[in-house]
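These are the residues of each chain, in order.
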Amino acid sequence: MGLVVGTSVSRIDVLEKALGSGKFAADIQLSSLLHGKLRLSDHAHARVLSVDTSEAERLPGVKAVLTAWNTPEYRFGSEFQDQTLFAREKVLHRGSVLAAVAAVDAETAEEAVRRIRVVYDPLPAVMHVMEAIKPDAPILHEQLATYPGVNPAHIRGNICSQSMVAWGDVSEGFRQADHNFEHTFTTSTVHQGYLEPMASVAQFEPGGKLTLWTSTQGTYVVRSRLASLLGIPLHKVRVIV
C-alpha cells in the first residue's frame, strides 16, 4: 500500500482533454442525422389541458413530433416508477418534458418547439420539502398508490415511502446518556462541472441494433431502460459513454 497511497497517478486521458481533441457525444456526426429538441413546461405544477403540435408538424424539415398522446405509456424510476417520458395530465416541475421534435437541423427543431402551443391550468406548487409533507400540502402525484413499486400502506399525502432504523433499546440509550443533542443540519446543493455538454446521439442499424453515444455515468441503466422502452433484446443495445 505504501507504493500507492500518496503517490501521484497520471490520468491516461489528460492530454486529449487539455488539447480539446477528445471526442464527446456532442462531437459525433453521422450521415442523415436528425436533431432533437424538447418542449419543456413553463410551470412548476399545472394540469395540461392541451398540447397543440399541428403548427410544428407543418414546418418544413420537421420529421416527427412526439408527445404522450402518440407514444407508448412508459414508466420508469430509481426506487419506483414515478416518471414518464412525456407529461400527459400534469406537469410536476418546471422543465417537465411535454413534447420532442426531430428535424433536419437544430435550428428547424428549435423553431418547431417554439410553435408548440400548450394550455395549462396552473396549480399551487410546493417549494420546500417540509412544506410538501404537511397534511394540507398540494398533492403532486394523485395516482401515487398505483405506481409499480409503491407500497400504498406507506402513503401519507406526498410521502410515498418511509423507513426507521434503530439498534437496541433507543429510549434506554437516551436515558443513560449524559447529554442529548438535537439539531437540524442543512447544506447547499453541490454538483460537479462537466467538461462535456449533455448530449445523446443514437444510430439504429439494419437488423435492429441500437448504438447510443451519451453523456452519462449510468451505462447499464440507460441500456436496460432503452431495451425495455423500445421492446428490443438487451444484447442489441450498445451504450458508449
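Preceding this section is the structure that the text describes.
It should be emphasised that the depicted structure is a prediction, and the values quoted were computed from it without experimental measurement.

Turning to the overall build of the chain, a few remarks are in order. Each helix and strand counted, the chain has six helices and 11 strands in total. Its C-alpha atoms give the chain a radius of gyration of 24 Å, more than 25% over the compact-globule value 18 Å for 241 residues. With respect to the principal axes defined by its C-alpha atoms, the chain has extents near 75 × 60 × 35 Å. Classification of the 241 residues of the chain by burial places 25% in the buried group.

Moving on to the sheet that holds strand E3 (residues 62-66). Two strands in a sheet stick together by hydrogen bonds in their backbones, pointing the same way (parallel) or opposite ways (antiparallel). Ordered in space as E1-E7-E3, the three strands form an open sheet in which the pairing is antiparallel. Strands at the two margins of the open sheet, each flanked by one partner only, are strand E1 (35-40) and E3. In this sheet, neighbouring strand axes are inclined to one another by 20° on average, regardless of whether the strands run parallel or antiparallel. Pairing geometry for E1 and strand E7 (residues 97-103), over six bridges, is antiparallel. Its bridge partner lying in E7, Leu38 is registered against Ala100.

Another aspect to go through is helix H3 (residues 106-114). Residues lying three or four places apart along an α-helix face the same way, a consequence of the helix completing one turn every 3.6 residues. For H3, every residue scored as buried is listed here: Thr108, Ala109, Ala112 and Val113. The arc that holds every buried residue of H3, seen down its axis, measures 140°, which confines them to one face. Turned more than 90 degrees from where H3 packs its buried face, Glu107 and Arg114 sit exposed. Of the surrounding elements, those touching the buried residues of H3 are E1, helix H2 (54-58), E3 and E7.

In this structure, Thr211 sits in strand E10 (residues 210-214). A polar atom in the side chain of Thr211 sits 3.5 Å from the side chain of Glu205. Non-local contacts of Thr211, meaning those with residues more than four positions away in its chain, are made with Val201, Ala202, Gln203, Glu205, Arg238 and Ile240.

Below, the discussion takes up a nonpolar patch on the surface. Residues Val14, Leu15 and Leu19 make up a contiguous nonpolar surface patch of about 330 Å² in total accessible area. Along the chain, Leu15 falls in helix H1 (residues 14-19). On the basis of relative accessible area, Leu15 is assigned to the exposed category, the value being 58%.

So, about the side chain of His45. With respect to the secondary-structure elements, His45 resides in the loop between E1 and strand E2 (46-52). For His45, a relative accessible area of 4% translates into the label buried. Of note is the side chain of His45, whose polar atom sits 2.9 Å from the side chain of Lys90. Within the structure, His45 has its side chain in polar contact with the backbone oxygen of Pro124 (distance 2.6 Å). Look past the residues within four positions of His45 in its chain and what remains in contact with it is Lys90, Val91, Leu92, Pro122, Leu123, Pro124, Ala125, Pro138, Ile139 and Leu140.

As a further point, take the packing of aromatic side chains. Counting across every chain of the model gives one aromatic pair. When the ring of Tyr74 is compared with that of Phe76, the centres are 6.0 Å apart and the planes differ by 25°; the resulting orientation is stacked. Accessibility expressed as a relative area gives 14% for Tyr74, which makes it buried. Given a relative accessible area of 17%, Phe76 falls into the buried group.

What follows deals with the sheet that holds strand E9 (residues 200-204). Across the sheet, which stays open at both edges, the three strands sit in the order E9-E10-E11 with mixed pairing between neighbours. Across the chains shown, the open sheet's two edge strands, defined by having one partner strand only, are E9 and strand E11 (237-240). Going across the sheet, the axis of each strand differs from the next one's by a mean of 15°, ignoring polarity. Of the strand pairs in this sheet, E10 and E11 are connected by four bridges, and their pairing is parallel.

Val62, Val91, Leu98, Val101, Ile116 and Val118 are the most contacted members of the largest nonpolar core, which totals 19 residues. Of all elements in the fold, only E2, E3, E7, H3 and strand E8 (117-122) reach the threshold of two or more residues within this core. Per element, the largest residue contribution to this core is four residues, and it comes from E7. Those residues in contact with Val118, other than ones at most four positions away along the chain, are Arg39, Val48, Ser50, Val51 and Leu98. Counting seven residues, the second largest nonpolar core, distinct from the first, contains Leu210, Leu212, Leu226 and Val239.

The rules behind the values
- Here the residue numbers are simple positions, counted from 1 along each chain's written sequence.
- It should be noted that, the model being predicted, local features are given only for residues of pLDDT at least 70 and side-chain atom pairs only at 80 or more, the latter also being counted only at that level, while totals for whole chains, interfaces and linings use all residues.
- Note that water and hydrogens are dropped before the side-chain values are worked out from all heavy atoms of the structure.
- Here a strand is any run of E in DSSP of at least two residues, a helix any run of H or I of at least four, and the numbering for each starts at the N terminus.
- Atoms counted for the radius of gyration: C-alpha only. Globule rule: 2.2 Å times residue count to the power 0.38.
- Exposure classes here rest on a 1.4 Å probe applied to the protein chains alone. A residue is buried below 20% of its type maximum, exposed above 50%, and partly exposed in between.
- Strands pair, by our definition, only if DSSP identifies at least two bridges between them.
- Inter-axis angles, ranging from 0 to 180 degrees, are taken between N-to-C directions of lines fitted to C-alpha atoms, where helices are fitted over the stretch in contact.
- This arc corresponds to the set of directions leading from the helix axis out to the C-beta atoms.
- Residues are treated as being in contact if the distance between any of their heavy atoms lies within 4.5 Å.
- Any pair of N or O atoms that falls within 3.5 Å is considered a polar contact. Within protein, one atom must be able to donate a hydrogen and the other to accept it, and sequence-neighbouring residues count only if both atoms are side-chain atoms.
- To count toward a patch, a residue needs a relative accessible area above 30% and no salt bridge. Like charges then connect within 9 Å, nonpolar side chains (Val, Leu, Ile, Met, Phe, Trp, Tyr) within 5 Å.
- Shrake-Rupley sampling with a 1.4 Å probe provides the accessible areas, and residues are treated as covered by the protein chains on show and by no other component.
- Only one rule defines a salt bridge in this text: a Lys or Arg side-chain nitrogen within 4 Å of an Asp or Glu carboxyl oxygen.
- Two aromatic rings, drawn from Phe, Tyr or Trp (for Trp, its six-membered ring), form a pair once their centres lie within 6.5 Å of each other, and the interplanar angle then sorts them: stacked below 30 degrees, edge-to-face above 60, tilted otherwise.
- What makes a nonpolar core is a set of buried Ala, Val, Leu, Ile, Met, Phe, Trp, Tyr and Cys residues whose side-chain atoms join them at distances within 4.5 Å.

Coordinates in, geometry out; function isn't part of it.
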